[in-house]
Number of protein chains: 2
Amino acid sequence: MAHAAEAGTSTTPSAAIGSAEFDRDTAVTLREPGVYDAELSPGWTIINAVNGGYLLAILGRALADALPHPHPFTISAHYLSASQPGPAVVRTETVRTGRTLSTGSAALLQRDADGHEVERIRVLASYGDLSTLPDDVRTTARPVQLPPPDQCFGPQDAPEQTPIPGSSAFTERLWLKMDPATLGWALGAPSGKGEIRSWFGLADGRDHDPFSLLLAVDALPPTAFELGLKGWVPTVELTVHIRALPAPGPLRVAITTRNLAGGFLEEDAEVWDSADRLVAQSRQLARAKLN
Amino acid sequence: MAHAAEAGTSTTPSAAIGSAEFDRDTAVTLREPGVYDAELSPGWTIINAVNGGYLLAILGRALADALPHPHPFTISAHYLSASQPGPAVVRTETVRTGRTLSTGSAALLQRDADGHEVERIRVLASYGDLSTLPDDVRTTARPVQLPPPDQCFGPQDAPEQTPIPGSSAFTERLWLKMDPATLGWALGAPSGKGEIRSWFGLADGRDHDPFSLLLAVDALPPTAFELGLKGWVPTVELTVHIRALPAPGPLRVAITTRNLAGGFLEEDAEVWDSADRLVAQSRQLARAKLN
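Moving on, we get to the overall build of chain A. For chain A, the count of helices and strands is five helices and 16 strands. Relative to its length of 291 residues, chain A is compact, with a C-alpha radius of gyration of 18 Å against a globular reference of 19 Å. Over its C-alpha atoms, taken along the principal directions, chain A stretches across nearly 50 × 50 × 40 Å. Intrachain contacts of chain A at a sequence separation of at least 6 include 72% that bridge at least 24 residues. Accessible area of chain A: about 11500 Å², with a carbon and sulfur share of 53%.

Have a look at this one:
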């Protein structure tokens, strides 16, 4: 599949921010003040789980509507139970509104087989307007170093398609090109280093905004794979800082784990845009099944 | 002032965990189910602000009482308005209880001059029991490297005591010995590196528990000082992961800022115990006054 950004072409009208598949699948509809209906698309499912970054983008859009500021500056999500494709409701609470920052809470809920509402995710976030921030940057952070995309590998490049249980719909919606130096796990030789680096985009070439950055931080294979773990690594909590509006073009993402202890690990992500700006930082606490 | 841990002596009975000043000053009293009274002590004030880590410890203790699990595994706080010494109330909500983890929310409120409740801090946290975790550790993280305490410097070692406006009560309750390599800012020559490393303890020699770790991550001078900024750096949001029960003895803390952009910066902390275990990791988003 040709990636629009890689090919240097402009995005197609159907992949413009606001009207692309990601926008349709994260849309929320106001039901009553502070309460939104959403439909969790099966298109963002991997194995049997709806991706946590996709879910966070839905919550993030509900809060963007409920609060007077448009962009999440810092958003923390605690994952309580496994979301399922299908209807969901987001209930928001405005905690505080200020001139430059507003704070809100949101819960994503679904009905169980008996019709009872079950909470899936609780979020606490502070919002502002990234377009109003000064350009001043003082950073010692260096952009993620990656070989060019044509020397990197994605799920579509696997030498033989090993069928995975459940769905691989999620990877079909992404443009992932991972640094081969961080892909030892895929060949049965994990590096033990706990780092994965990748080019990241949406398969339809949609450019990025703060909400697709929430997806970008949680879209790569778990760092735990490079640590030699094989099992599922469910997120307990994920906090994302959005630091700047991303420039058009592909992103570079690095995720890193330093400490796996007592059955838990942290996974840090940093996301750089095509203008070499650090546009998002995140950290999650996840459970590891030790083997 | 001799530090009990430094001198290798055991702590005095008055500085035992549970009965020391830190425990008294972070105590919460159940008023009704889920609601706790607290008294914000002026002893944890620096300049005119009550320290954010001290406040987080109060919220953390209220949630430890309200939830079925004793220890914060991951706790996120959004700071909404400036707390004042004096009475406060903590209102908790149990979001979900599970076998190994429980999630709760908490708000710290104080009354303004008109008697209206004003929210100071909102917290979202997942709790577990650190004493039940397996000992398994796989880490690439290395303990914070520091000269011995007698070659490090604290507020008491300043060559001339420059009076600071407001209170310096906070620093009197701490045993801080900072690596001179990270103290350029105090001599008017900030390194530009955005890192400060320090020994950390409580002045009365109280050993550490998960709640004093919440203090440890937010107790050093701002990294922004080493970046050459001079003004106040108020915390917007602080997330702390407690990864293990700390061993007795002094802690080592490193705080690092990589990216200052658009008037905001992140500050990462890691805390190591005397047994060379990474016991806490944190990240905060703070506002910087650019100068």
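That shown, we press on.
Residue and element names in this part refer to chain A. Counting across every chain of the model gives 10 aromatic pairs over all chains. Judged by centre distance (5.1 Å) and plane angle (50 degrees), the ring pair of Trp-185 and Phe-225 falls under tilted. Pair noted here: Trp-185 is in the loop between strand E10 (174-178) and strand E11 (195-202) and Phe-225 is in the loop between helix H5 (210-216) and strand E12 (235-242), with a separation of 40 residues, a long-range link. Note on Trp-185: relative accessible area 23%, which makes it partly exposed. Phe-225 gets classed as partly exposed once you look at its relative accessible area, which sits at 21%. Among the aromatic side chains, those forming a connected cluster through ring pairs are Phe-22, Trp-44, Tyr-54 and Phe-170.

On to the environment of Asp112(A). All names here are of chain A. Along the chain, the position of Asp-112 falls in the loop between strand E7 (102-111) and strand E8 (117-128). With relative accessibility at 29%, the residue Asp-112 sits in the partly exposed group. Counting along the chain gives 77 residues from Asp-112 to Ala-189, while the straight-line C-alpha distance between them is 41 Å.

Turning next to the pattern of salt bridges. Summed over all chains, the structure comprises 29 salt bridges over all chains. A salt bridge links Arg243(B) to Glu266(A), with the nearest nitrogen and oxygen atoms 3.2 Å apart. Here the residue Arg243(B) occupies a position in the loop between strand E12 (235-242) and strand E13 (251-256), and Glu266(A) occupies one in strand E15 (residues 264-272), the pair thus bridging two chains. Owing to a relative accessible area of 3%, Arg243(B) belongs among the buried residues under this scheme. One continuous salt-bridge network, built from bridges that share partners, spans Asp268(A), Arg283(A), Asp268(B) and Arg283(B).

Applying the stated criterion to the full structure yields six cavities of 30 Å³ or more. Roughly 70 Å³ of internal volume is contained in the largest cavity. Along its surface, the largest cavity is lined by Thr239(A), His241(A), Gln281(A), Ser282(A), Arg283(A), Thr239(B), His241(B), Ser282(B) and Arg283(B). Elements with a contribution of two residues or more to the lining of the largest cavity: E12 and strand E16 (278-287) of chain A together with E12 and strand E16 (278-287) of chain B. Top contributing element to the lining of the largest cavity by residue count: E16(A), with three residues. Here the residues of the lining of the largest cavity are counted per class, giving no nonpolar, seven polar and two charged.

Superposition of chain B onto chain A requires a rotation of 180 degrees combined with a translation of 0.0 Å along the rotation axis, giving an RMSD of 0.0 Å. Here the symmetry operator amounts to a two-fold rotation axis. With an isologous cut-off of 70% or more, the 100% of interface residues of chain B that recur at the interface of chain A puts this contact in the isologous class.

With that settled, consider the interface of chain B and chain A. Each side of the interface is counted separately: chain B has 57 residues, and chain A has 57 residues. Between chain B and chain A, a total of about 5000 Å² is buried, with carbon and sulfur atoms accounting for 51% of that surface. On the chain B side of the contact with chain A, Arg138(B), Arg243(B) and Arg258(B) bury the most area, a combined 16% of that side's loss. Where chain B packs against chain A, one counts seven salt bridges. A salt bridge links Arg258(B) to Glu270(A), with the shortest nitrogen-to-oxygen separation between them at 2.6 Å. By residue number, the principal contributor to the side of chain B that touches chain A is E16(B), which donates seven residues. Its residues assigned to classes, the side of chain B that touches chain A shows 21 nonpolar, 20 polar and 16 charged. Judged from the three bridges that link them, strand E9 (residues 137-139) of chain A and strand E14 (residues 259-261) of chain B form a sheet pairing that is antiparallel. Paired with Arg138(A) across the bridge in E14(B) is Leu260(B).

Residue Ile47(A) is not a glycine yet carries a positive backbone phi of 55 degrees. If you trace the backbone, Ile47(A) turns up in the loop between strand E3 (45-46) and strand E4 (49-50).

A few words on the pairing of E7(A). Residue and element names in this part refer to chain A. When you tally the buried positions in E7, you get nine out of 10 residues, the bulk of the element. Relative to E7, strand E6 (residues 86-97) is paired through eight bridges, and the arrangement is antiparallel. Paired with Arg-96 across the two strands is Thr-103, which belongs to E7. Sheet topology note: the E7/E8 ladder contains 10 bridges and is antiparallel. Residue Ala-106 lies in a different strand from E8, and its bridge partner there is Val-123. Here E7 hands over to E8 after five residues, with Gly-115 in that stretch at a positive phi of 85 degrees.

Calculation criteria
Residues numbered from 1 in each chain as written. Chains lettered and ligands numbered in written order. Predicted model: local features only at pLDDT ≥ 70, side-chain atom pairs only at ≥ 80, totals over all residues. Heavy atoms only, no water. Helix = DSSP H or I, 4+ residues; strand = E, 2+ residues; numbered from the N terminus. Rg over C-alpha atoms; globule rule 2.2 N^0.38 Å. Contact = heavy atoms within 4.5 Å. Areas by Shrake-Rupley, 256 points an atom, 1.4 Å probe, with all protein chains shown as cover. Phe/Tyr/Trp six-rings, centres within 6.5 Å; stacked < 30°, edge-to-face > 60°. Buried < 20%, exposed > 50% of the residue type's maximum accessible area, 1.4 Å probe, protein only. Salt bridge = Lys/Arg side-chain N within 4 Å of Asp/Glu carboxyl O. 1 Å grid on protein atoms, 1.4 Å probe; cavity = no way out; pocket = protein on both sides within 12 Å on 5 of 7 lines; lining within 4 Å. Points joined across faces, edges and corners; volume = space filled by probe spheres on them. Nonpolar A, V, L, I, M, F, W, Y, C, P; charged D, E, K, R; others polar. Least-squares fit on C-alpha atoms with pLDDT ≥ 70 in both. Buried area = accessible area lost by both parts, 1.4 Å probe. Pairing = 2+ DSSP bridges.

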